[in-house]
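# Architecture and fold: a report
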Amino acid sequence: MTPPSPAAGRIDGVDRTGGIDHADGTDRIDRTGGIDRADAFERADGSGRPPRPRIAYDALTWKEVAHLLLNLPLAVFGFAYAITALVAGGVLTLTVIGLPLLALSLLGARQLGKLERARARRLLGVRVEEPTPLPLTRGGGPVQRLWMALKDPVGWRTLLYAAIRLPWGILTFCLVLPSLFVLWPVLPYLTRGLTNVDRAMVRGLLSPSDELEHRIAELESDRGIVVDTAAADLRRIERDLHEGAQARLVNLAMGLGLAKEKLLEDPDTAAAMVDEAHGEVKLALQELRDLARGIHPAVLTDRGLDAALSSVASRCTVPVTVTVDLPDRPAEAIEGIAYFTVSELLQNISKHSRARTASVDVWRSADRLLIQVRDDGRGGARLDGGSGMRGLAERLGAVDGLFVLDSPEGGPTQVTAELPWRDRKA
């Protein structure tokens, strides 16, 4: 017969025998007949050791506590900075150094805001985008740069943030520090509520004006693209003139000079040289026509997109179907961009696609001009593939356009472009 286990007379920590407990090898008499308090320390694995000590709250709670305790020293510094900047700048505006001092203070406030955003990101998990830097290097003269700094909304909002933080910093410090000792059970709820106010302040006053900031950054980028594109076009025109028509005209002038010298001595040779010069003139004229078509084709000016795109399609090595459904002609700039977009896409089809057929569709939808070019070629085109697609996307983006490329391996390829519609001026 198996003897009963030492703890057989114990149920739910109660010694029903009123005797000696030998469960852990020690003699403990339950004198109360109630709960054996030694069992309160028994671990689930039956080792009998007390549980390991651990931190009462998670890391986020302690980060929030640290943020709230840091509020007071940083709020004192920020308040002193804001008041000094505003008072000194305001009083000294009567002198020459007043406005420059205020402008420098606003630039310094941007750095203060950067520090506060980093603190909120590190301790509160608030992800706030950094505002766009002021383009002071491109701001023109000293007066323009000064005015740009003085009207900076980011700097003014940061000064406002620093000025109103002092009372809040005092309040949070005075609440959290005693709570570490006397309100320990409710500390996580208290810190969460207080830091939610901090999060709202950071998002409301230290975040950039999303729509305005993004629009400014977009316009700056688009302006750079337009300038670079114009410079590249001018270099291309100069190169084509220098290496093409100009070289032919120089050879033509030299040939006519030699023919003039031989006109009396050897009329037959002179006639042959004049005939050769005539051929050079025809070639030079053809190159000049091609160059002019590359700048702005006459058929586009005279007859519009339908005729111009049909002319481009006729020079493509792949049969192209062109469909243009436009009730009116768009503005000249939009019409030109649409023409050159289709022209370059058809050139890519001729050079790289190995397609058998292609199509071009142009139509208007509300206030957008839509272009769709398809081909049944091998596909695999990419914006970074060196085929000029990226340049097209950047050019369309510079005028608030859109460029979407769908070209899986094996084809087909479909390019959709959108341009803003602007009516042609009479």
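It should be emphasised that the depicted structure is a prediction, and the values quoted were computed from it without experimental measurement.

### Section: the sheet that holds strand β9 (residues 413-420)
In space, the five strands of this open sheet follow the order β5-β6-β7-β9-β8, with mixed pairing throughout. On the outer flanks of this sheet lie β5 (320-325) and β8 (402-406), each paired with one strand and no other. Across the sheet, the axes of successive neighbouring strands diverge by a mean angle of 10 degrees, strand direction being ignored. Strands in contact with helix α9 (residues 305-314) are β5 and β6 (358-365); relative to β5, the strand with the most contacts, it is inclined by about 170 degrees. Set on the sheet, helix α11 (residues 389-397) makes contact with β8 and β9; between it and β8 the angle comes to about 150 degrees.

### A look at the pairing of β6
Bridge count for β5 against β6 is six bridges, and the pairing is parallel. Within the sheet, the bridge partner assigned to Thr323 lies in β6 and is Asp361. A crossover links β5 with its parallel partner β6, the connecting element being helix α10 (residues 332-353), and its sense is left-handed. Bridge analysis of β6 against strand β7 (residues 368-375) gives eight bridges, and the strand direction is antiparallel. If you follow Ala358 over to β7, its bridge partner there is Asp375. Between the antiparallel neighbours β6 and β7 lie two residues, among them Ala366 with a positive phi of about 55 degrees.

### Digging into the packing of aromatic side chains
Centre-to-centre distance and the angle between the planes together describe a pair of aromatic rings. A full pass over the atoms with the stated rule returns one aromatic pair. Considering the side-chain rings of Tyr339 and Phe340, the 5.1 Å spacing of their centres and the 80 degrees angle between planes classify their relative orientation as edge-to-face. Exposure remark for Tyr339: the relative accessible area of 3% places this residue in the buried category. Its relative accessible area of 26% is what places Phe340 among the partly exposed residues.

### Remarks on the nonpolar core
Side chains of a nonpolar character, in soluble globular proteins, are inclined to be buried together. With 33 residues, the main nonpolar core has Leu309, Leu346, Val360, Val362, Ile371 and Phe403 as its most contacted residues. Elements represented by at least two residues in this core include exactly α9, β5, α10, β6, β7, α11 and β9. Examining the composition of this core, we find that seven residues originate from one element, α10, more than from any other. Setting aside its immediate chain neighbours within four residues, Ile371 contacts Ala338, Val342, Asp361, Val362, Val415, Thr416, Ala417 and Leu419. Ranked by size, the runner-up nonpolar core spans 17 residues in total, among them Leu68, Leu180, Leu194 and Leu206.

### Observations regarding helix α1 (residues 59-91)
Quick reminder: α-helices carry 3.6 residues per turn. Residues three or four places apart thus point the same way. Here α1 spans 47 Å end to end across 33 residues, near enough to the 48 Å set by a 1.5 Å rise per residue. Along α1, the helix axis deviates most sharply at Asn71, where the bend reaches about 35 degrees; the proline Pro73 sits within four residues downstream.

### Digging into the packing of helix α2 (residues 98-124) against helix α5 (residues 187-206)
The contact between α2 and α5 brings their axes to 11 Å, and the two run at 140 degrees. Judged by the inter-axis angle, α2 sits oblique to α5. Handedness of the crossing formed by α2 with α5: left-handed. On the side of α2, the interface is formed by Gly113, Glu116, Arg117, Ala120 and Leu124, while α5 contributes Thr195, Asp198, Arg199, Val202 and Leu206.

### A short note on the pairing of β7
In terms of burial, β7 is largely enclosed, as six of its eight residues are buried. By the bridge criterion, eight bridges tie β7 to β9 in an arrangement that is antiparallel. Bridging from a neighbouring strand, Arg374 pairs with Gln414 of β9.

### Description of the side chain of Ser353
By secondary structure assignment, the location of Ser353 is in helix α10. Residue Ser353 is classed as buried on the basis of its relative accessible area of 9%. At 2.6 Å, the side chain of Ser353 and the backbone oxygen of Ile349 are in polar contact. With residues up to four places along the chain from it excluded, the contact list for Ser353 reads Asn348, Asp375, Gly377 and Arg378.

Rules and cut-offs
- Residues numbered from 1 in each chain as written.
- Predicted model: local features only at pLDDT ≥ 70, side-chain atom pairs only at ≥ 80, totals over all residues.
- Heavy atoms only, no water.
- Pairing = 2+ DSSP bridges.
- Helix = DSSP H or I, 4+ residues; strand = E, 2+ residues; numbered from the N terminus.
- Axes fitted to C-alpha atoms, helices over the stretch in contact; angles between N-to-C directions.
- Contact = heavy atoms within 4.5 Å.
- Right-handed = clockwise from strand over helix to strand, strands pointing away.
- Phe/Tyr/Trp six-rings, centres within 6.5 Å; stacked < 30°, edge-to-face > 60°.
- Buried < 20%, exposed > 50% of the residue type's maximum accessible area, 1.4 Å probe, protein only.
- Core = buried A, V, L, I, M, F, W, Y, C linked by side-chain atoms within 4.5 Å.
- Expected span 1.5 Å × (residues − 1).
- Bend = angle between axes of the 7 residues up to and from the residue.
- Parallel < 35°, antiparallel > 145°, perpendicular 65-115°, else oblique.
- Left-handed = near helix turned anticlockwise from the far one by under 90°.
- Polar contact = N/O pair within 3.5 Å; in protein donor to acceptor, adjacent residues only side chain to side chain.

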